[in-house]
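# Report on the structure
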Amino acid sequence: MASKMLWTFHGPRLIRIFKKENIEGHDYVPGYLESWPDRVIQTFNTAFGLTYLTTPIFGFILYKRGHFNPEGALGILRVALSVAIVYTAAYILRGIGRLSNIDYRNFISVLVEARQNSSVQVKKQLANYDFEFWAWPVDFRWDEGSIKEKIPPPARAPSSRRAQAIERSSLPCRILSYLAMHTFGRRMVYPGGTSLMNYLLSNMLKIGRTQLVEEKGGIRAKVLTEDGNEIDTMFMNRKGSSENGSTLVITSEGNAGFYEMGCSNTPLDLNYSVLGWNHPGFGGSTGIAFPDQEQKAVDAVMQYAIHKLKFEPKDIALFAWSIGGYTASWVAKTYPDIKFVVLDATFDDIVPLAIAKMPQSWKNLVALSLRTYMDLNVADNLLEYQGPILLVRRTRDEIITTESPPDSFPVLQSNRGNFLLLKLLQHRYPTIVDDTTLPVMREFLGKETISQIQMLEEKAVVYQECSKHFSAHVQDKGIHFPMNINVVDHSLKVKLALFLITAHMENFESTHCTPLPVNFFHKPWMPGARL
């Protein structure tokens, strides 16, 4: 009883009561005695946050004005005491308001029981409520299951680029890069992790969660990572209801994307089972989206999918949009037995992309900062994966192109997805994609879709015939990359190179943020497979 009373006063804000069998879903409406004190508390919390950030500045101002004396200290103490009294009174009044609301009393009873009792029945009752996620009990820890499915391949020394960048820079540059990346830099890379973005999108995220839970049967869960972050996830189960339902698609969102309003709808519309999650610092997830925290977050999500949701790695596919390609590529190399990977509007390496978007005078600082603290190199990770891969390139993508004239469409040749594709194909098919075919491949990638079709006809590229060359090699040598296929005839070599582009990349005539149509999401081609 005492525990429930305590949670009533300091517990989370209740947002919505979801639709049940015989009860219509509705937003929680606090009474006047709860809502006004809650606004006071939120205002004070915001002020405390700003005070924490600006204390050195205001402290200096107070010092210059001579307030650092016994009289000034007494004045500051009076203000602090007044704030404490108002803050405490607001908590008490809010608690009284909550006690008078039957919906909140019912909710807090379920929450307290769920935090003490992890039974399935209690968790189902808790799932009927949407509330501040910090109070949600942990559903899965990163170390609860075996990690036999996780087989990291030999490292390619990803820290070598970082070491070279640091070695070539001076001490002042290193200090400046640290300050830049830990202040505005990381927020520019992952704006969805800022408090401002989370605040502005809070209502849209609430609507998105409501739709996923009430219309899609979504199951929310909190996953605890190795480094102590709490990751907000949403699982839509389609097992047994469709052929695609036996495959789980784990989605990874962009730098301002959330599972509540992200790319999950594409595989959902095809009746796949889907597991969405929010980056550290996004939505209900805690932490900061630096690469090490990103890796631990998605690793915990994978362990949750395998050991709690009971999907084997061979039945798990990855779907990522934009910067989400980094976490998807890391999972692909770390869990080599996954089914397939689809990357939409993804780049190869963040450094050249960022340099193109920033003033040229900042080039060295941008490169040093990113290489040291935010080295998101999708290509390096993806080369470690041996399974099927499909890249979706958006022909009007204004974000991952490095050349975007103000009065024209982005330059297709500068789309970093092209670079990702060529690095992948050079690694997988080194005897076909080499110096003799790369010029033709780059020319092809620089063309619009219609012009590409015309070029394929001019070069007499026939899909079935090209596919047979790879099937014959697979029957003789098996599937393993790099795949050394001996091709003497240059004309055939060009045909096979262009075929490989079309087999691994599809064009979507769109800008960066348009939802991906379902026809682009499918199992990618692999050597030896039927087209």
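Every chain is numbered on its own, with residues counted from 1 as its sequence reads. Restriction of local features to residues with pLDDT of at least 70 applies here, the model being predicted, together with a cutoff of 80 or more for giving and counting side-chain atom pairs; totals for whole chains, interfaces and linings are based on all residues. With hydrogens and water stripped out, all remaining heavy atoms of the structure feed into the side-chain values.

### What to know about the overall build of the protein chain
The condition that has to hold: Each helix corresponds to a stretch of at least 4 residues labelled H or I by DSSP, and each strand to a stretch of at least 2 residues labelled E; elements are numbered beginning at the N terminus. Here the globule rule reads 2.2 Å times residues to the power 0.38, and the radius of gyration is calculated from C-alpha atoms. Three exposure classes are used, based on accessible area relative to the maximum for each residue type with a 1.4 Å probe and protein chains only: buried under 20%, partly exposed in between, and exposed over 50%. Residue contacts are defined here by distance: any two heavy atoms, one from each residue, within 4.5 Å place the two residues in contact.
Within the protein chain one finds 20 helices and 12 strands. For 531 residues, the compact-globule estimate of 2.2 N^0.38 gives 24 Å, and the protein chain sits close to it at 27 Å. C-alpha extents for the protein chain along the principal axes are approximately 90 × 65 × 45 Å. Counting all 531 residues of the protein chain, 49% fall into the buried class. Of the contacts made within the protein chain by residues no fewer than 6 positions apart, 76% connect residues no fewer than 24 positions apart.

### Here we look at the packing of helix 16 (residues 416-428) against helix 20 (residues 490-504)
Quick reminder of the rule: The angle between two axes is taken between their N-to-C directions and runs from 0 to 180 degrees, where each axis is a line fitted to C-alpha atoms and a helix contributes only its stretch in contact. Oblique is the label for every angle not falling under 35 degrees (roughly parallel), over 145 degrees (roughly antiparallel), or within 65 to 115 degrees (roughly perpendicular). A crossing counts as left-handed when the near helix is turned anticlockwise from the far one by less than a right angle, and as right-handed when that turn is clockwise. Polar here means any residue outside two lists: the nonpolar Ala, Val, Leu, Ile, Met, Phe, Trp, Tyr, Cys and Pro, and the charged Asp, Glu, Lys and Arg; Gly therefore counts as polar.
As a packed pair, helix 16 and helix 20 sit with axes 11 Å apart at the nearest point and diverge in direction by 120 degrees. Taken as axis vectors, helix 16 and helix 20 run oblique relative to one another. Of the two possible hands of crossing, helix 16 and helix 20 adopt the one that is right-handed. Of helix 20, the residues touching helix 16 (which contributes Leu-421, Leu-424, Leu-425 and Arg-428) are Leu-500, Ile-501 and His-504. Within the contact of helix 16 with helix 20, the residues separate by chemical class into five nonpolar, one polar and one charged.

### Regarding a nonpolar patch on the surface
Going by this rule: The residues that make up patches have over 30% relative accessible area and no salt bridge, and they are joined within 9 Å when like-charged or within 5 Å when they are Val, Leu, Ile, Met, Phe, Trp or Tyr. For every accessible area listed, the method is Shrake-Rupley and the probe measures 1.4 Å; residues are considered covered only by the protein chains on display. Any Lys or Arg side-chain nitrogen found within 4 Å of a carboxyl oxygen on Asp or Glu counts as a salt bridge.
A cluster of nonpolar residues, Leu-33, Ile-92, Leu-93 and Ile-96, forms a patch on the protein surface that exposes about 310 Å² of accessible area. For the nonpolar patch, the leading source of residues is helix 3 (residues 70-99), giving three residues. Structurally, Ile-92 can be placed in helix 3.

### Some thoughts on unusual backbone geometry
The omega angle of the peptide bond from Phe-481 to Pro-482 is 0 degrees, so this bond is cis rather than trans. Positionally, Pro-482 belongs in the loop between helix 19 (463-477) and helix 20. Although it is not a glycine, Asn-271 sits at a positive phi angle of roughly 65 degrees.

### What about the pairing of strand 7 (residues 248-252)?
Definition in use: Two strands pair if DSSP finds at least two bridges between them.
Of all five residues making up strand 7, five are buried, and the element is well covered by its neighbours. Residues of strand 7 alternate between two faces, with Leu-248, Ile-250 and Ser-252 on one and Val-249 and Thr-251 on the opposite face, all of them buried. With three bridges connecting them, strand 7 and strand 8 (residues 273-277) associate as parallel partners. Bridging from a neighbouring strand, Ile-250 pairs with Leu-275 of strand 8. Bridge count for strand 7 against strand 9 (residues 316-321) is five bridges, and the pairing is parallel. Paired with Ser-252 across the bridge in strand 9 is Ala-320.

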